[in-house]
Amino acid sequence: MAATEDNLLKSIISHAKEYGFVFPSSEIYDGLSAVYDYGQNGAELKNNIKEYWWKFMTMLHDNIVGIDSAIFMHPTIWKASGHVDAFNDPMVDNKDSKKRYRADVLVEDAISKMQEKIDKEVEKAAKRFENFDKAMFVSTNARVLEYQKKIDEANARLKDAISNGNMEALKQLIVDLEITDPFSGTRNWTDVRQFNLMFSTEMGSVADDASKIYLRPETAQGIFVNFLNVQKTGRMKIPFGIAQIGKAFRNEIVARQFIFRMREFEQMEMQFFVKPGDEMRWYEFWKEKRLNWHQALGLGNNNYRFHTHLNLAHYANAACDIQFNFPMGFKELEGIHSRTDFDLKSHEKYSCKKLQYFDAEDNQNYIPYVVETSVGLDRMFLSVLSAAYQEEKLEDGTDRVVLRIPAALAPNKVAVLPLMKKDGLPEKAMEIFNHLKFDFRCFYEEKDAIGKRYRRQDAIGTPYCVTVDHQTLQDNTVTLRNRDTMKQDRIHTEQLKQIIQESVSLSSLLKKI
Ligand code: ATP
């Protein structure tokens, strides 16, 4: 991460803590690695993101319904899904720094560095020669060809080692690429070991009878095992979807980068059941729909891009990520996967229960294929927070930090502020607060100078401030201050609700998709 990106992330982390968005878990006990708590403003923002997703899925699509399945599930589910045997990451330690890494990520980073060297050679040559032909240069320059050969070889060896679960080969690749630890600068690596990412615990009060169960590493399986329950009770016809929001747990090897990679996090997943053979059409459909959902937030269309997977997971026949331009660069925000019939077929096998759909139009039974959209709620939160966070220099020479959170997602929609704490202004302000609070999440504050109070609302992203002054007592008008423009308009209190409603309502955001 470049220094400025690093600084930006640090500023966002400290802002999130200072203003009640995100706290390190168990802070008074020095925290718990990669676990975070959401504070009073964070919980509101998170709930608003959830609502935006839930309403989009279940209200705007009449063939999608939502469920809420339990975190604990029968342990055989994780055998059937492949998680017991294959939900592993390869890990390696540096013996000098005592730091732990994902071995595959170390190799991928080394490959990216080689690619950067090629890019630099190209850049240098482009400056030197007029009429520079990049394709010709790349295919003939000896140094570039040498790097490219190394990259191709490393990629092939990495793919081979991962798909065969060959940890010795992965270690040898780290040695051959002469990868050094960024902290100690040494190549003193342990062997590479497979590490299962699932947390386990025991269910049952008597130790002997207790059986090992897992904290779910994804919410999807709760949908698959309820597929027939929902289909039958909801009389659902294919194609249809089941949506779910819930906690997932992964014992991540390297859990850095704030709420981007946590050990306890939340997912918003939707499994869309389709007729076999139709899955590619629906995969493309959901790619477009999901990108539109993200872009409607107005965080900048250039901040999103697709990344297509070349190495597919065992259950998929097509997969891509929607990446977001986080402070650490473009990284996965959401996964869209065509999961074939792998999961339902496997649950049929392990449970010995039929999980088939009777298609009345075709008069046949089949196991549906599935297209999944899976977005991390915490990563969504970080995408909103990092795009919204802005440090500004104002015309009068002062600074302000403002969170330009999309208004429909903002924790508070409006702050009601009496200009002074006397002359009946607080009472009038409370009257307005009590009128607005049934429609919007409002905030009331009377302490400190008005400028200071505006800054505090800017810092938590409140789209509007209503200020009650002496004129209000005479003619029932107030000033309405806009967070983004800082412009203040004098309006009648009777107009407040409608003006605010138009720009902060979730339905106006949903209509943009
Ligand atoms: P990554 O490659 O970053 O580990 P993944 O491909 O394993 O992610 P999926 O299994 O596809 O992730 O999970 C779907 C979504 O859940 C991801 O796109 C991401 O937004 C979120 N997610 C996954 N792991 C974590 C985590 N440890 N912390 C926070 N969010 C996560």
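Being a predicted model, the structure only gives us computed values, none of them experimental. (Residues numbered from 1 in each chain as written. Predicted model: local features only at pLDDT ≥ 70, side-chain atom pairs only at ≥ 80, totals over all residues. Heavy atoms only, no water.)

## Here we look at the domain arrangement of the chain
By convention, interface size is frequently given as the accessible area that disappears when the constituent parts associate. For the chain, the domain assignment lists domain 1 (1-68 + 215-393) and domain 2 (400-510). Once you take the C-alpha centre of each, domain 1 and domain 2 turn out to be 34 Å apart. Residue-level contacts link 23 residues of domain 1 with 19 residues of domain 2. Each partner contributes to the roughly 2,000 Å² buried at the junction of domain 1 and domain 2, and carbon and sulfur atoms together form 68% of this total. (Domains from an automatic or database assignment. Contact = heavy atoms within 4.5 Å. Buried area = accessible area lost by both parts, 1.4 Å probe.)

## Details of the sheet that holds strand β23 (residues 488-492)
The five strands are arranged β20-β19-β21-β22-β23 in an open sheet whose pairing can be described as mixed. The two strands at the open ends of the sheet, each matched to only one other strand, are β20 (442-444) and β23. Geometrically, the sheet is characterised by an average inter-axis angle of 25° between neighbouring strands, direction not taken into account. In this sheet, strand β22 (residues 477-482) lies alongside strand β21 (residues 464-468) in antiparallel orientation, the contact comprising four bridges. Looking across to β22, one finds that Cys465 is bridged to Arg481. (Pairing = 2+ DSSP bridges. Helix = DSSP H or I, 4+ residues; strand = E, 2+ residues; numbered from the N terminus. Axes fitted to C-alpha atoms, helices over the stretch in contact; angles between N-to-C directions.)

## A closer look at the sheet that holds strand β5 (residues 100-102)
Within a beta sheet, neighbouring strands are joined by backbone hydrogen bonds and run either parallel or antiparallel to one another. Across the sheet, which stays open at both edges, the three strands sit in the order β5-β4-β6 with antiparallel pairing between neighbours. Lying at the two open borders of the sheet, with one neighbouring strand each, are β5 and β6 (193-196). The sheet shows a mean angle of 45° between the axes of neighbouring strands, direction not considered.

## Here's the deal with the site of the ligand
Surrounding the ligand, one finds 15 residues, the nearest of these being Glu252, Arg261, Met262, Glu332 and Leu333. Here a nitrogen atom of the ligand sits 2.8 Å away from a polar atom, N or O, in the main chain of Met262. Contact distances for the ligand include 2.8 Å between an oxygen atom and a backbone N or O atom of Leu333. A total of 600 Å² of accessible area belongs to the ligand in isolation, and the protein chains cover 84% of it. Where the shell around the ligand is concerned, the elements lending two or more residues are β10 (264-274), β13 (329-340) and β16 (369-376). The greatest single-element share of the shell around the ligand, amounting to five residues, is contributed by β13. Here the shell around the ligand is composed, by residue class, of four nonpolar, five polar and six charged. (Near = heavy atom within 4 Å. Polar contact = N/O pair within 3.5 Å; in protein donor to acceptor, adjacent residues only side chain to side chain. Areas by Shrake-Rupley, 256 points an atom, 1.4 Å probe, with all protein chains shown as cover. Nonpolar A, V, L, I, M, F, W, Y, C, P; charged D, E, K, R; others polar.)

## Quick look at the environment of Val371
Along the chain, the position of Val371 falls in strand β16. Its relative accessible area of 0% is what places Val371 among the buried residues. Once you skip the residues sitting within four places of it in the chain, Val371 turns out to touch Met270, Gln271, Phe272, Glu279, Trp282, Tyr283, Trp286, His337 and Ser338. (Buried < 20%, exposed > 50% of the residue type's maximum accessible area, 1.4 Å probe, protein only.)

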